[in-house]
Amino acid sequence: MKLRHSTPLIAMILFMAACAPDDAETVPEDTVENRHLNILYWQAASIVNPYLSGGTKDIEAASLVVEPLAHYDDNAGMVPILAAEIPTVENGGVAEDLRSITWKLKPGIVWSDGTPLTAHDVAFSGAYCLDEQAGCAALASFTDVAAVKAVDDHTVRITFDVAKPWPYGPFVGSLTPVIQREQFQDCLGARAQECTAQNFGPIGTGPFKVDDFRANDVINYSANERFREPGKPWFRTVTLKGGGDAASAARAVLETGEYDYAWNLQVEPEVLAQMVAAGKGQVLMGFGSQVERLMVNQTNDDSNLGERRSLYLDGANPHPFLSDPAVRHALSLAIDREVLVEAGYGDAGRPTCNVVPAPSRYASVANEACKTPDPAEANRILDEAGWVSGTDGVRAKDGTRLSILYQTSTNSVRQATQALVKQMWDAIGVETELRNIDGAVFFGADPASPDTFQKFFADVQMYTNNFQGTDPEVYMAGWVCDQDPGPHNQWLGTNIPRGCSAEYDDLVEQLSTTPPGDDRARIAKRLNDIIVQNHYMIPLIWRAAVSARSNSLMGVRMNPWDSELWNIADWHR
Amino acid sequence: MPTELPDNPRTHRSLWVDVWLTFRQHTGALIGVGVFSTIVLAVFLGPFVHDVDPQYLDLQARNQGVSLSHPLGTDNLGRDTLAQVFAGGRISLAVGFAAMFLSLVLGTAVGTLAGYFRRLDGPLMRFTDLFLALPLLPLLLVIIMLFRDTLRNAFGPETGIFLLIVFVIGITSWMQTARIVRGEVLAIKEREFITAARSIGTRERRIVSRHILPNALSPIMVSATLGIANAIITESALSFLGLGFPPDFPTWGRLLFDGANFITITPARVLWPGLAISLTVLSVNYIGDGLRDALDPRLRDT
């Protein structure tokens, strides 16, 4: 336990001592070292098969090797990768009744072992994930998929159980790549987890192949000579190293120049700015759909309730004071989002009043008022609703005090936000008790732990969420009434605030049958507004994905919609 | 009063005068007492002189250096570092001492019983081994999960968690003391003066309290001083894991942890809590060293 504490400090000192300045820029072109790329992910990859891990680190580590049919690019547009083109209703790729989509493969693509890529590989990948015993992490992308069938060697058809206006779930984006049938055919179903050699070293069509994989530590890749684009990738070898924390990862790229690229740098703006001042690298930001928000518990989380704690129970277990819309409104009004951004995020965050801040066609403009904090108005609303200040300065009504337990994961930026929000709520007579929980536990989804965000044994909790790709349908469908977490769904329900609105549920159903266009955008915005205007969630900050690259590394295009390493074939010095 | 106390070794002096006379010859221990009382006084009286709320966030005054209103500067949310060090010290010292005291009482009791009564030796020492073999962190996690909410309801978030932390640290750090004390008691009880005491009919309870414990005091003192340091560090580990005090409740360990990333921007945030922990642990160790010499009848010159 002692070690746990002294390590960061000692490591930092050693680090500073060990890293005498070196002049990486003067290395001549085209040496072996120069053609080697060092990437640092402070969460280490534990597997190179995205189907068996929902972790971003694993998905991105695999994205160098295995590829989907199409990618999202940095402008949230779809780009065909293994497919010849993006199927649409117009080009006949998507059926008129919206119940199937037909992809055509680019001709002449071969796996890194030399065998040709066929539609049977795609069909196999679908069957692999759809197998109920496989525990596929990408199953949400396959929602409503009836079957994935190869029509001929170069054509694959995905059929849906219902009309699917947005059929780009499977095989679009790095979460659902195409894996090789030949390699994985013995790994179906329950055997998926046992195929260590396959999961640690999949054969792919991507620019690199795995040479050496050490779980939770490091992956060494070398260039795939059979990559379809001649002359690419520019780098011959890549090392993807894991471990450490966000601040030390940023330092390794920006200050010491040991690494060329580092990912997910949630560190305080002044710390980052100081590292940038060292002049060895640059910070990259991409605004996707990540929003740091407060979840406001609509159910009673009193620890005396035992088994009924934080259960929705069809509305029979309402929160003693957060079920009052006036209180929730006041809580949102009291928060100065600009201050939170300035203290914890700097350029990497913007105040937001929406849970879906992007893409712009789905971003509502009806809630902008929340960007201007108004504690006076918040006080007025609370007075009007009958919550009056007691002698201790905390508002109460009928013996119920406005005393909030506010939890989040352990991260210095989050603790800073907590402290600031506490002070803002103090000003309107709301008492706040803070709690922070180790991220591995909080996001661990262990049904036995009382401290997970799904259990939500607190009044308010804060974290970031976002959605894959550019369509919010699946994401927003997660907040319908019957998705309330509880023992009936192993606490895996996604309606974390346990808020319930009949209008919302109806609109979600409409959304799933509305084709892309103005109507779809209108419904999505309305859904966002219901959540936000009822204050089941209080959006705080629209967060950018933040990474860093060394000055010598060129061609990086920050992509918040897909794997950050999506165009690694184009990276060069 | 020179007339009353001539420099004559035969004059009757009480035990504690003896102890003090020996103790004051130990320079390190005297300096330790000085430093330690300075820290304790500063931590408890400091807030009356420098009356800034350690929790007040002032975003206009972020990451400031030394100034008149903020003698040690401010952190990245504009909290006053000096006020935080004072507030953190009160918690850390209270946790350190209370937990040390608990583990000392437990460890000495178990060790003495095991060493003195042969019948109890086996069961008690196997019990000690059992505790030693338990993985500490998972045990702490389970205890805290089980009792956090109960205590929070009964005593409020701060007192509840204080009691819980003192309890869990105390209950998981008495084993070393118990082993050391047992060893010492085993050796002492075979000595002639114990046989002599027994031969004149002294009761067992008296033998333990009058003859054995005072002679075993030196190892107990040493493990006590180490215990304080250990408790302060364990507390900071728990706070880091989110199982200790709430994040807005400063302790030295947490201040140090939070400040680590800012070491180049505002070094004071790391320097002062770190210095405070080191000085406390060091001075307490020296005091323990001096006390051991002073309390050991074999080392004390008469």
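Computed from a predicted model, the values in this text were never measured in an experiment. Counting starts from 1 at the beginning of each chain's written sequence and moves along it residue by residue. Lettering of chains starts at A and numbering of ligands starts at 1, both following the order in which they are written. It should be noted that, the model being predicted, local features are given only for residues of pLDDT at least 70 and side-chain atom pairs only at 80 or more, the latter also being counted only at that level, while totals for whole chains, interfaces and linings use all residues.

Moving on, we get to the overall build of chain B. Segments assigned H or I by DSSP are reported as helices when at least four residues long, segments assigned E as strands when at least two residues long, and all are numbered from the N terminus. When you go through chain B residue by residue, the secondary structure sums to 12 helices and zero strands. The helix and strand sequence of chain B, counted from the amino end, reads α-α-α-α-α-α-α-α-α-α-α-α. Three classes are used. A residue is buried when 20 or more other C-beta atoms lie within 10 Å of its own, exposed when 12 or fewer do, and partly exposed in between, with C-beta atoms placed from the backbone. Considering chain B as a whole, with its 302 residues, one finds that 43% of them fall into the buried category. Note on contacts: residues are paired as contacts if their backbone-placed C-beta atoms lie within 7 Å. A sequence separation of at least 24 residues applies to 70% of the contacts in chain B between residues at least 6 apart.

For the rest of this paragraph, the subject is the pairing of strand β19 (residues 537-550) of chain A. Residue and element names in this part refer to chain A. Across the 14 residues of β19, 14 count as buried, placing the element largely inside the fold. When strand β10 (residues 261-262) meets β19, the two strands line up antiparallel, connected through two bridges. Within β19, the position partnered with Ala262 by the bridge is Ala548. A pair of strands is considered paired only if DSSP assigns at least 2 bridges between the two. As paired strands, strand β12 (residues 349-351) and β19 are joined by three bridges and run antiparallel to one another. By the bridge assignment, Gly349 is partnered in β19 with Arg543.

On to the environment of Met285 of chain A. Relative to the elements of secondary structure, Met285 of chain A occurs in strand β11 (residues 281-296). Taking the C-alpha atoms as reference, Met285 of chain A lies 6.5 Å from Met558 of chain A; in sequence the two are 273 residues apart.

Moving on: the nonpolar core. In terms of nonpolar packing, the biggest core is built from 162 residues, with Leu40, Ala250 and Ala262 of chain A touching the most fellow members. Take this core: its biggest share by element is nine residues, from β19 of chain A. Excluding its chain neighbours within four sequence positions, the residues that come into contact with Ala262 of chain A are Leu40, Ala249, Ala250, Ala252, Val253, Ser547 and Ala548 of chain A. What makes a nonpolar core is a set of buried Ala, Val, Leu, Ile, Met, Phe, Trp, Tyr and Cys residues, with links drawn between C-beta atoms within 7 Å. Counting 64 residues, the second-largest nonpolar core is a separate cluster that includes Val185, Leu217, Phe245 and Val270 of chain B.

A few words now on the environment of Ala247 of chain A. For Ala247 of chain A, the location among the structural elements is in helix α6 (residues 246-254). Sequence separation between Ala247 of chain A and Val271 of chain A is 24 residues; the distance between their C-alpha atoms is 8.2 Å. Excluding residues that lie within four positions of it along the chain, Ala247 of chain A makes contacts with Val267 and Val271 of chain A together with Asn261 of chain B.

What follows is about the packing of helix α3 (residues 81-116) of chain B against helix α7 (residues 175-188) of chain B. Packed helices, taken two at a time, are described by the angle between their axes plus the distance between the axes. Residue and element names in this part refer to chain B. Axis angles are defined between N-to-C directions and span 0 to 180 degrees, where every axis is a line fitted to C-alpha atoms and, for a helix, only to the segment in contact. Between α3 and α7, the least distance of the axes is 7 Å, while the angle of their chain directions is 35 degrees. Note on packing geometry: the crossing formed by α3 with α7 is right-handed. Residue-level inspection shows Ser103, Leu104, Gly107, Thr108, Val110, Gly111, Thr112, Ala114, Gly115 and Tyr116 of α3 in contact with α7, the latter providing Thr177, Ala178, Arg179, Ile180, Val181, Arg182, Val185 and Leu186. Residues are grouped as follows: Ala, Val, Leu, Ile, Met, Phe, Trp, Tyr, Cys and Pro are nonpolar; Asp, Glu, Lys and Arg are charged; every other residue, Gly included, is polar. A class-by-class count of the residues in the contact of α3 with α7 yields nine nonpolar, seven polar and two charged. Take the far helix as the reference: if the near one is turned anticlockwise from it by less than a right angle, the crossing is left-handed, and if turned clockwise, right-handed.

Moving on to the confidence of the model for chain A. All names here are of chain A. Per-residue confidence from the prediction method is given by pLDDT, with values spanning 0 to 100. Mean pLDDT for chain A: 87, with 95% of residues reaching 70 or above. Least confident of the elements in chain A is helix α1 (residues 2-18), whose mean pLDDT is 41; most confident is helix α8 (residues 325-333), at 95. Per-residue pLDDT stays below 50 along residues 1-27; that stretch engages in 23 contacts with residues further than four places along the chain or on separate chains.

This next bit is on helix α6 (residues 157-171) of chain B. Taking 1.5 Å of rise per residue, the 15 residues of α6 of chain B would be expected to cover 21 Å, and the 21 Å separating its terminal C-alpha atoms lies within 8% of that figure. Those residues of α6 of chain B lying buried are Ile161, Phe162, Leu164, Ile165, Val166, Val168, Ile169 and Gly170 of chain B. Expected span, for any helix, means 1.5 Å times one less than how many residues it has.

To continue, consider the interface of chain B and chain A. Residue-level contacts link 29 residues of chain B with 33 residues of chain A. Of all elements in the fold, only α5 (136-155), α10 (217-240) and α11 (252-259) of chain B reach the threshold of two or more residues within the side of chain B that touches chain A.

A few words now on the sheet that holds strand β4 (residues 100-104) of chain A. Residues and elements named next belong to chain A. Spatially, β4-β6-β5 is the arrangement adopted by the three strands of the open sheet, whose pairing is antiparallel. This sheet does not close on itself; its edge strands, each paired only once, are β4 and β5 (145-152). Each adjacent strand pair in this sheet contributes to an overall mean axis angle of 20 degrees, direction not counted. As defined by bridge partners, β4 adjoins strand β6 (residues 155-160) across five bridges and the pair is classed as antiparallel. Considered in β6, the bridge of Lys104 is made with Thr155. Most of the contacts of helix α3 (residues 119-130) go to β5, to which it runs at about 165 degrees, and overall it touches β5 and β6.

Before going further, it helps to spend a moment on the sheet that holds strand β13 (residues 388-389) of chain A. Residues and elements named next belong to chain A. Strand order in the open sheet formed by three strands is β13-β14-β15, with antiparallel pairing between adjacent strands. Whereas interior strands pair on both sides, the edge strands pair on one side only; in this sheet they are β13 and β15 (400-401). By the bridge criterion, two bridges tie β13 to strand β14 (residues 395-397) in an arrangement that is antiparallel. If you follow Ser389 over to β14, its bridge partner there is Arg395.

Residue and element names in this part refer to chain B. Chain-level pLDDT for chain B is 84 on average; 93% of the residues reach the 70-or-more range. Ranking the elements of chain B by mean pLDDT puts α10 last with 79 and helix α2 (residues 27-49) first with 92. Scored as a complex, the prediction yields pTM 0.80 and ipTM 0.77.

So, about the environment of Met537 of chain A. Counting through the fold element by element, Met537 of chain A comes out in strand β19. Discounting residues that sit within four places of it in the chain, Met537 of chain A has contacts with Arg293, Leu294, Met295, Val296, Val355, Pro497, Ile531 and Val532 of chain A.

Residue and element names in this part refer to chain B. Contact pair helix α4 (residues 118-133) / α7: the axes reach a minimum separation of 9 Å and the direction vectors enclose 150 degrees. As α4 packs across α7, the resulting crossing turns out to be left-handed. Of α7, the residues touching α4 (which contributes Met125, Thr128, Phe131 and Leu132) are Met175, Ala178, Arg179 and Arg182. Looking at side-chain class alone, the contact of α4 with α7 contains five nonpolar, one polar and two charged residues.

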